[in-house]
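Structural features, examined
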Amino acid sequence: MSTLAAHVERLLVRAFEAHGFDSRGVRAVPAQRPELADLQCNAAMPLGGAIQRPPREIAEAVAASLRNDAAFDSVEVAGPGFINVRLSASLLGEAATSQWADVRAGIAPQPPETIVIDFGGPNVAKPLHVGHLRSLVLGESLRRILIAQGHRVIGDVHLGDWGLQMGMLISELPAIWPELRDDGGWTAAPPFDMGQLQAIYPRVAAACKADPARMAVARAVTAKLQAGDAASMRLWETIRRVSLQAQSVDFASLDAHFDELNGESRVQPLIPGMIADLRARGIAQDSDGALVIEVAQEGDDSPVPPLLLEKSDGAALYATTDLATLLDRRDRLHPSRVVYVVDQRQALHFRQVFRAAKRAGFADGMDLVHVGFGTVNGRDGKPYKTRDGGVAQLHELLDDAIGRARARIEESGDVDDIDARARAIGIAAVKFADLSTYRTSGYVFDPDRMVSFEGRTGPYVQYACVRIASILDRATAQGVVPGPIEVAEAAERALVLLCARFPDAVASAALRYAPNDIADYAYDLAQAFSRFYAACPVLGADVPAVRGSRLSLALLARHVLTQALELLGIRVPARM
Ligand code: ARG
């Protein structure tokens, strides 16, 4: 809760208790009718019911004792017993000043935990596509939110870098580049790049599917790799590196940061021991030649099939690797929470993995959370495709948005530093559009709307920050400096009250793993700033003290907005 509301709540609680009333239900919440009050308390109604007294009488008694407090301009009772309070200018001024002075703008620190956040999750030799956008954008924002709350956060990309897909590639490349055939001839730079890997992979995959003999070769090479054959390992290592380097460019475009770049391969050595242990403890069971863990529970609303640990041919699976990864994370990092930011369509997979992990005792004292998300859709409401019906690559989407931002800048005629500006605006547009939708809902990728400077968009919010920066520049030029905050006008009051609610937005975003709470908040705040600026000229005010106070308010708004955007992973350009 915001410090301001918490303060008022303490005063309310004291007043309820002074009259001998039960104060457990006392809350100070934003007023429903801001023209009448800043905050309201609704506790008198349920209390009246409980102790058989008219709620209005209770509210009147409490209001009477609050009226003397310097924190309030007015305390009124309305309707059946709402207590409406209007805060005093001095209380608002103090709250605004202390929030402005706080680097985190009032975000409440939480008891620190170690949290692993698993996001991104691309597969080696495949380009990042539209499906990775949400994981990267949401994951990065959640990473920042958790850090801001004071946690130790470890971001890990969980690359798909193992298994048959790697065997397929390794079995194909030496046919194209004979120097790869033995381990001797290519100590220098690899002969292939990501573009070539990307083109080769689907071709081999199709060939393997069509021809069992070709598939048998791929499987044999996979087995050789898994047995640790040196030449295969070297080639695998190179493929992984070339691929990760290319993918890192996309991570960087989105400002997604990873503390660890581990993949499925890392934990393969742990799997035999893990399986033996699960078998020995009777947690894993044979089932038609395969090895499974039963995870169905009484009361399941839909069937939860057993987790498949090992196929009848002895191959380990996606879920096996996730279990082993959890062991690795537990033993190395000792997290109290592991958060997986992965497509909602993998919900069943995570349900199985989490339950299996609990049964196996791999997650004692740990919270396992699947933060699922919906699809990015085209205008037809179906998962987004390129014009020719293919899967859109991530960089194409970003380039599209950046290109449109560029066109807007060109229209304005001021094209200085256009590359950096177009980039900052285009990326912000994409991120904000993604983060302003509750994660489990899909949304339509509409780059024209996203880059607009009007409406609920990233550029609209960025623009509010840029505007304040230019007010500050003009103030500096005119010798106006920020002064003590004196809240007088309604728009000033509204701005301060909304700034004070920033910590609530952050707390709720963290609790629900829902950065849209912060995106919505940032949009509301940008609007509140606009209203303030329209009603309360800063440099145009006649009285010097008013100019100073309003300049401080504008800077407070910028501080909070910048913090909010920072948590969304959105940068504010110097100019737009
Ligand atoms: N590579 C996976 C995919 O493309 C996503 C990995 C998500 N993380 C995890 N721990 N399973 O579907």
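Residues numbered from 1 in each chain as written. Predicted model: local features only at pLDDT ≥ 70, side-chain atom pairs only at ≥ 80, totals over all residues.

An unreviewed UniProt entry lists the chain under the name Arginine--tRNA ligase, from Luteibacter sahnii. We quote the UniProt Sequence similarities (unreviewed entry) comment for the chain here in full: "Belongs to the class-I aminoacyl-tRNA synthetase family." (UniProt positions renumbered as here; feature names shortened; annotations may be inferred.)

1. A word on the overall build of the chain
When its secondary structure is counted, the chain shows 20 helices and 13 strands. With respect to the three principal axes, the spread of C-alpha positions in the chain is 85 × 65 × 40 Å. A buried classification covers 44% of the 576 residues belonging to the chain. Long-range contacts, defined as pairs at least 24 residues apart, comprise 73% of the intrachain contacts of the chain with a sequence gap of at least 6. (Helix = DSSP H or I, 4+ residues; strand = E, 2+ residues; numbered from the N terminus. Buried ≥ 20, exposed ≤ 12 C-beta atoms within 10 Å, placed from the backbone. Contact = placed C-beta atoms within 7 Å.)

2. Structural notes on the pairing of strand β11 (residues 367-373)
Consecutive residues of a regular strand have side chains that alternate between opposite faces of the sheet. Bridging between strand β10 (residues 337-343) and β11 involves seven bridges; their strand directions are parallel. Looking at β11, one finds that D343 is bridged to F373. Taken together, β10, helix α12 (residues 347-360) and β11 form a β-α-β motif whose crossover is right-handed. (Pairing = 2+ DSSP bridges. Right-handed = clockwise from strand over helix to strand, strands pointing away.)

3. Focus on the site of the ligand
Every residue near the ligand is listed here: D118, G121, N123, H158, G160, D322, Y340 and V342. Residues that form the shell around the ligand fall into these classes: two nonpolar, four polar and two charged. (Near = placed C-beta within 6 Å. Nonpolar A, V, L, I, M, F, W, Y, C, P; charged D, E, K, R; others polar.)

4. Topic: unusual backbone geometry
Positive phi, close to 55°, is recorded for D255, a residue that is not glycine. On the secondary structure map, D255 appears in the loop between α9 (230-253) and α10 (271-280). With a phi close to 50°, H334 is a non-glycine residue in the positive phi region. Tracing the backbone through its elements, the reader meets H334 in the loop between α11 (318-333) and β10.

5. Examining the nonpolar core
One finds A522, A557, L561 and A564 to be the most contacted residues of the largest nonpolar core, which totals 170 residues. Among the elements that make up this core, the one with the highest residue count is helix α20 (residues 544-568) (11 residues). Each of domain 1 (3-87) and domain 2 (164-253) gives at least three residues to this core. (Core = buried A, V, L, I, M, F, W, Y, C linked by C-beta atoms within 7 Å. Domains from an automatic or database assignment.)

6. As for the UniProt feature "short sequence motif: 'HIGH' region" (unreviewed entry) in the chain
According to UniProt, the positions carrying the feature "short sequence motif: 'HIGH' region" (unreviewed entry) are residues 122-132. Secondary structure across residues 122-132 comprises 27% helix and 0% strand; the distance between its end C-alpha atoms is 7 Å.

7. Here we look at the sheet that holds strand β1 (residues 29-30)
With respect to topology, four strands assemble into an open sheet ordered β1-β2-β4-β3, the strand pairing being antiparallel. The open sheet is flanked by β1 and β3 (72-78), the only strands paired with a single partner. One ladder, built from two bridges, connects β1 with strand β2 (residues 39-41); its direction is antiparallel. Counterpart to V29 in the pairing with β2 is Q40.

8. Some points on the sheet that holds strand β9 (residues 307-310)
Strand order in the open sheet formed by three strands is β7-β8-β9, and the pairing between neighbours is antiparallel. Taken across any chain shown, the strands that pair with only one partner, and hence form the sheet edges, are β7 (284-287) and β9. Pairwise comparison of adjacent strand axes, ignoring direction, gives a mean angle of 45° for this sheet. As defined by bridge partners, strand β8 (residues 290-293) adjoins β9 across three bridges and the pair is classed as antiparallel. Considered in β9, the bridge of I293 is made with L307. (Axes fitted to C-alpha atoms, helices over the stretch in contact; angles between N-to-C directions.)

9. Quick word on helix α13 (residues 394-412)
Helical periodicity: at 3.6 residues per turn, an α-helix aligns residues three or four positions apart in one direction. Between the first and last C-alpha of α13 there are 28 Å, a value that for 19 residues agrees with the 27 Å anticipated at 1.5 Å per step. Summarising the contacts, the buried residues of α13 are in contact with α5 (130-148), α9, α14 (418-435) and α15 (447-450). (Expected span 1.5 Å × (residues − 1).)

10. Digging into the packing of α5 against α14
Angle between the axes and distance between the axes: these two values describe a pair of packed helices. Running from amino to carboxyl end, α5 crosses α14 at an angle of 85°, the nearest separation of the two axes being 10 Å. By the criterion of interaxial angle, the relationship of α5 to α14 is roughly perpendicular. Between α5 and α14, the contacting residues are L133, R134, V137, L138 and S141 on the first element and K431, D434 and L435 on the second. Classifying every residue of the contact of α5 with α14 gives four nonpolar, one polar and three charged. (Parallel < 35°, antiparallel > 145°, perpendicular 65-115°, else oblique.)

11. Re the environment of P122
Position of P122 among the secondary structure elements: in the loop between β5 (114-118) and α5. Between the C-alpha atom of P122 and that of L136, which follows or precedes it by 14 residues, the distance is 9.9 Å. Beyond its immediate stretch of four places on either side in the chain, P122 contacts L128, H132, L159, G160 and Q247.

12. Notes on the domain arrangement of the chain
Taken domain by domain, the chain comprises domain 1 (3-87) and domain 2 (164-253). Distance from the C-alpha centre of domain 1 to the C-alpha centre of domain 2: 69 Å.

13. Here's the deal with α5
Here α5 contains 19 residues, and its C-alpha end-to-end distance of 28 Å stays within 8% of the 27 Å for a straight helix at 1.5 Å per residue. Taken across its 19 residues, α5 has 17 buried, putting it largely inside the fold. Of the residues trailing α5, G150 is marked for its positive phi of about 100°.

14. Concerning the environment of M450
Position of M450 among the secondary structure elements: in helix α15. Overall, the presence of 27 C-beta atoms within 10 Å leaves M450 in the buried class. Between the C-alpha atom of M450 and that of V204, which follows or precedes it by 246 residues, the distance is 38 Å. Non-local contacts of M450, meaning those with residues more than four positions away in its chain, are made with A401, A429, V430, A433 and T457.

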